[in-house]
Each structure stands twice: as structure tokens, then as C-alpha cells.
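Coordinate analysis (summary)
Given next are the chains, with one letter for each unit.
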Amino acid sequence: MTIQTATLPRTDGQGSTTSSLEFCFDAPHQWTFIHKPRRVQFSGWAASFDDGPARILVTAADGSRTEHAVSLERPDVVAHFASQSRDAPLQCGFAFELEIPAERGADYVVQLEVVNDSFRSGPAEFRARDFVSMHWEQNGAEREADTSRGNYKDTWNAVSDNENSAKISVAGYTDEAEFERTSKFTLQVLQNSVGVNADDTILEIGCGVGRMAHTLSPLCQRWIGADVSENMLEHARARTGDLANVDFQPLNGWDLSAIDDRSIDMVYCTVVFMHLDEWDRFNYICEAMRVLRPGGRLYVDNYNLLSREGWDFFMKNMLDYHPLQRPANISKSSTPQELCHFLSMAGFEDIDHHAGDDMWVYAWGRKPG
Ligand SMILES: C[S@@+](CC[C@H](N)C(=O)[O-])C[C@H]1O[C@@H](n2cnc3c(N)ncnc32)[C@H](O)[C@@H]1O
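Parameters at a glance
Residues numbered from 1 in each chain as written. Predicted model: local features only at pLDDT ≥ 70, side-chain atom pairs only at ≥ 80, totals over all residues. Pairing = 2+ DSSP bridges. Helix = DSSP H or I, 4+ residues; strand = E, 2+ residues; numbered from the N terminus. Axes fitted to C-alpha atoms, helices over the stretch in contact; angles between N-to-C directions. Expected span 1.5 Å × (residues − 1). Buried ≥ 20, exposed ≤ 12 C-beta atoms within 10 Å, placed from the backbone. Near = placed C-beta within 6 Å. Nonpolar A, V, L, I, M, F, W, Y, C, P; charged D, E, K, R; others polar. pLDDT = per-residue confidence, 0-100. Contact = placed C-beta atoms within 7 Å. Core = buried A, V, L, I, M, F, W, Y, C linked by C-beta atoms within 7 Å.

What about the sheet that holds strand E14 (residues 292–303)?
Taken together, the seven strands give an open sheet; going across it, the order is E12-E11-E10-E13-E14-E16-E15, and neighbouring strands pair in mixed fashion. The open sheet is flanked by strand E12 (246–250) and strand E15 (349–355), the only strands paired with a single partner. Strand after strand, the sheet turns through a mean of 15° between neighbouring axes, direction not considered. As judged from the five bridges shared by strand E13 (residues 264–269) and E14, these two strands associate in the parallel manner. Residue valine 267 lies in a different strand from E14, and its bridge partner there is leucine 298.

What about helix H8 (residues 308–320)?
Over its 13 residues, H8 runs 18 Å from end to end, which matches the ideal 18 Å to within 8%, given 1.5 Å per residue. H8 sits mainly on the outside: one of its 13 residues count as buried.

Brief notes about the site of the ligand
As a matter of local geometry, the ligand sits amid 20 residues, with Tyr152, Trp156, Gly206, Gly208 and Arg211 nearest to it. Among the residues forming the shell around the ligand, the class breakdown is 11 nonpolar, six polar and three charged.

Some points on the confidence of the model for the protein chain
Low pLDDT marks stretches whose predicted atomic positions should not be read closely. Scored by pLDDT, the protein chain has a mean of 86; 85% of the residues are at 70 or more. Long-range and interchain partners of residues 1–18, a stretch whose pLDDT sits below 50, account for 25 contacts in this model, where long-range means more than four residues apart. With pLDDT under 50 throughout, residues 141–146 is counted as low confidence; its partners more than four residues away or in other chains account for three contacts.

So, unusual backbone geometry
Phi angles above zero are rare outside glycine, and arginine 262 is one such case at about 50°. Along the polypeptide, arginine 262 turns up in the loop between E12 and E13. Using a count of 13 C-beta atoms within 10 Å as the deciding quantity, one classes arginine 262 as partly exposed. Here the phi dihedral of aspartate 350 falls at roughly 50°; this positive angle occurs in a residue that is not glycine. As for its placement among the helices and strands, aspartate 350 is situated in strand E15.

Some thoughts on the nonpolar core
It is characteristic of soluble globular proteins that their nonpolar side chains tend to be buried jointly. If you look at the biggest cluster of nonpolar residues, it comprises 55 residues, and the most contacted ones within it are Leu203, Val267, Ile285 and Leu298. Top element by residues in this core is helix H7 (residues 278–291). It accounts for six residues. The contacts of leucine 203, once residues within four sequence positions are left out, are Ile224, Ala226, Ile259, Ile264, Val267 and Val291. Ala46, Ile56, Val70 and Val114 belong to the second-largest nonpolar core, a separate cluster that totals 20 residues.

Some details on the pairing of strand E7 (residues 107–116)
Summarising burial for E7: seven of the 10 residues are buried, a large majority. Inspection of the sheet shows strand E4 (residues 55–59) paired to E7 by five bridges, in the antiparallel sense. Residue pairing for E7: valine 58 is matched across the bridge by leucine 112. As defined by bridge partners, E7 adjoins strand E8 (residues 119–120) across two bridges and the pair is classed as antiparallel. Among the inter-strand pairings, asparagine 116 is bridged to a residue of E8, identified as phenylalanine 119. In textbook terms, the turn of a hairpin is the stretch between consecutive antiparallel strands, and for E7 and E8 this stretch comprises two residues.

In C-alpha cells form, the structure reads like this:
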């Protein structure tokens, strides 16, 4: 382990120049973006060499103050200082949790100081922001006719009035054998990333005609196909009438408000993000965080702007369409960085991705807990 020493400034007039106190906050650093649960853990060490044990002073956003003891054993810190022929106290570690009040979109700032009998560090600020996902009411009667990219419902209903046109618009083919073949490939990708367990309740965001239903439903407890297009869901229902553990859920296009908190084990969204605006991609990721059980897994994918094939595809779309004639659902790629950043900002852990030289980037993560 690398031991770092934080260099917080001494507060004027309060720090003794002879005091010998070194300290380090392990985590989190400057900005912490969280969802639920709204508890942030702070940990680190503060080795006081001459002036009595250190304490951590926390000033919350409302001005209230609490002190936390520095009393956990940190043999790694002792070993670090021993290599410099200095004796750090064994009990120089600290760890505590703070409850961050839910305040949508706003920064919550706490100030941390390290103090002992003759030393007071300048305050270090830690910020947390709660990303509660956005929920939109959709009132069909009042909604104006709109052909913009964000009007996912009309766009996708318009290309799926019969099963064949729906199949063409989701996959580019109608052959059932090809649906089966590609669903097995997607299954492999899911198994290699988030895994598929027999007791999982699985949610697919943007399930189309239910390409994955026959392949996944025998391998899990329950498979729920959700889509913005009622037409797509109707075709999916018709194609899966023989499956007992399959349900469908219409979506408004931006959130998962019909799905209960903490009710799903694995959420995936495949061949959908290229049709969404970035904000809507991110909101689905935040919503996945909400509906997943602690420890639940999320998988998303898109075309990869940074791959060779992905770049060719980007250029083709650039040259094929006049800027005023781009279709509402034209595919827009992601970068691996975008997807991993979105997962991280929504609070996912164990984030990983795969990006080869083909069209695709896959990203996945796990809800803490
Ligand atoms: C290319 S198809 C992929 C279907 C399916 N995931 C598959 O792999 O076979 C895209 C699907 O996403 C759905 N979709 C588009 N925008 C959506 C949105 N904002 N929310 C939910 N579903 C959406 C479309 O209706 C369509 O069924």
C-alpha cells in the first residue's frame, strides 16, 4: 500500500509550528456522487507524534459539529513510519459514516479537520450529491405531436405496427432462427459480464419484440420485458405466449417508475442506448440503481465511438444524412468512458467494460450492498 500524506493548511493562529501530526483521508476524495443509501464512509489515519492523540472534527452543512476518535489499529502506517525511523502510534486509524440528507441535485458539503492539543488543520471539504432520478408524467392528451429524438414512444410505435416491421426495426431481419442465434450470443455476453442466476428476477429495458425472452426465461426466476413502444410489447407478448415466467411493462421512455424499488436482481439494456439521448441513458442507469436489490447487477451496451468499426459507422451516418434530415432514432455511439462514468456517477461499484475492435462497448457494475 502507498501511504500518502495529506497537506491540509494549518488554520492561522491555531496550529503550533512545532506540532508533529501527519494524516491522510483515504476516501472519499473531493466529490462523492451517491444514490441510495445516503451514507458516506470516511476513513484514514492521523499519526500524532508529540501532542496527544488526534481527533477528527466534522462540521455538517447545517453547522453542527461532531468529533470522531482516532483509535483504530493501522499496522501499515506504523510500518511506513518505521522505515523512516519514526514511531507512529499503532492506534492512528479512523473510520466513520455520515448520513447525507436527501436533497435532490444539491451539493451537500461537510468539512473535516484534524485536531489535537496543539494543532488544527484547515478544513477539507467533502461534497456529496444525490442523484435522484428524474420522473416524468406523460399525459397523452396534452402532449403535442412531436418528432424529436426524445419522443421515443411515437418514434418506435411508428416503426412497429406489424410484427415484421417491428422485427426489421429492432434487428434488421425477420428470421426466427436468426433471432435465436443472436439471442444466444447476447446471453453469452451477459453470462460473461453480470452473470445469469436461476433465482434472478431480470429486467430488460427496451426489450423490443422479446428477442431475449425464450433464451433467458428458462435460466431465471422471472424475466420482465419493458419497452417504450406498446406495439413492440404486443408483438413480444404474442411471440412468448408459451412462457410462464415472463411479464411485460410499458415505459414512458425516460424512467422505470412502474417498477418497485429494490425488486430486481439484474437489469440489462442492449441495442437501445444508441437511440437515446445521453441524459436518458444516464437516467435509466440511475433508475436501474433504484430498482435493483443491494448487490444487483446492471449491464448496458452501445456502439463504441472509439473502435475502428464504430468510427466507420459514425462517419457513414455523418455522410448519409443531411443535418436537417437525420431520423429521430438515428444511432449515436458512446465511449467506454461515458458508460463507465455514468455507472460510477449513479453509484455503481465493481464497474468494468469490454471494448474490442468491433462495433461494441459493453459496461456493467454492481449496486453496493
Ligand atoms: C434496436 S431495438 C432492441 C430491442 C432488444 N433490446 C433486442 O436486443 O432485441 C430498440 C428497442 O428500444 C426501444 N426503445 C427506444 N427508446 C426507448 C426508450 N426511451 N425507453 C425504452 N425503450 C426504448 C424500442 O422501442 C425498441 O424496442
